[in-house]
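What follows is the residue order along each chain.
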Amino acid sequence: ADPAIAARLLGVEEHCEAKAIKKVVENNFHRPLSRLQTACPRDVERALRTLDVAEEAVLRGTTLWVPAPADEALRVTRALGCKDLKTPTALLSAGLSAEVGELEP
């Protein structure tokens, strides 16, 4: 789950402490859901699990992935073996293809 969306769902700041999140969840969600417990227990259980996932997502936070400098994009316009990186090739085709290979005797 995305921490920013989870924080918006819970009504807390993205980098909030666990105690504050628990308090907001109990005040805003647990009380109204407890009134529905007898009428639809499975739905309430599902809602509580969703809230738990949202809490975990907010506490986990966001970590951005950045590629290593060696793995960055190619800085050349022409290079041997880079043709396949410039134009996508269809995985499945209706056209015929044939490859000829020589075998050593």
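Higher on the page you've got the structure.
Residues numbered from 1 in each chain as written. Predicted model: local features only at pLDDT ≥ 70, side-chain atom pairs only at ≥ 80, totals over all residues. Heavy atoms only, no water.

A. Broad picture of the packing of helix α2 (residues 18-36) against helix α3 (residues 41-60). Running from N to C, α2 and α3 cross one another at 170 degrees; their axes reach a closest spacing of 11 Å. The orientation of α2 with respect to α3, classified from their angle, is roughly antiparallel. Here Ala18, Ile21, Lys22, Val25, Phe29, His30, Leu33 and Leu36 of α2 lie close against α3, whose contacting residues are Pro41, Val44, Ala47, Leu48, Leu51, Glu55, Val58 and Leu59. The residue makeup of the contact of α2 with α3, split by class, is 13 nonpolar, one polar and two charged. (Axes fitted to C-alpha atoms, helices over the stretch in contact; angles between N-to-C directions. Helix = DSSP H or I, 4+ residues; strand = E, 2+ residues; numbered from the N terminus. Parallel < 35°, antiparallel > 145°, perpendicular 65-115°, else oblique. Contact = heavy atoms within 4.5 Å. Nonpolar A, V, L, I, M, F, W, Y, C, P; charged D, E, K, R; others polar.)

B. The arrangement of α3 in detail. In this model, α3 (20 residues) spans 29 Å end to end at C-alpha, consistent with the 28 Å of a helix rising 1.5 Å per residue. Every buried residue belonging to α3 is among Val44, Leu51, Ala54, Glu55, Ala57 and Val58, and all of these are buried. Taken end-on, α3 shows its buried residues confined to a sector of 160 degrees, consistent with a single buried face. Across α3 from its buried face, at more than 90 degrees, point the exposed residues Arg42, Arg46, Glu56 and Arg60. If you follow the buried residues of α3, they end up packed against α1 (3-10) and α2. Directly beyond the C-terminal end of α3, a positive phi value near 80 degrees is found at Gly61. (Expected span 1.5 Å × (residues − 1). Buried < 20%, exposed > 50% of the residue type's maximum accessible area, 1.4 Å probe, protein only. Arc of directions from axis to C-beta.)

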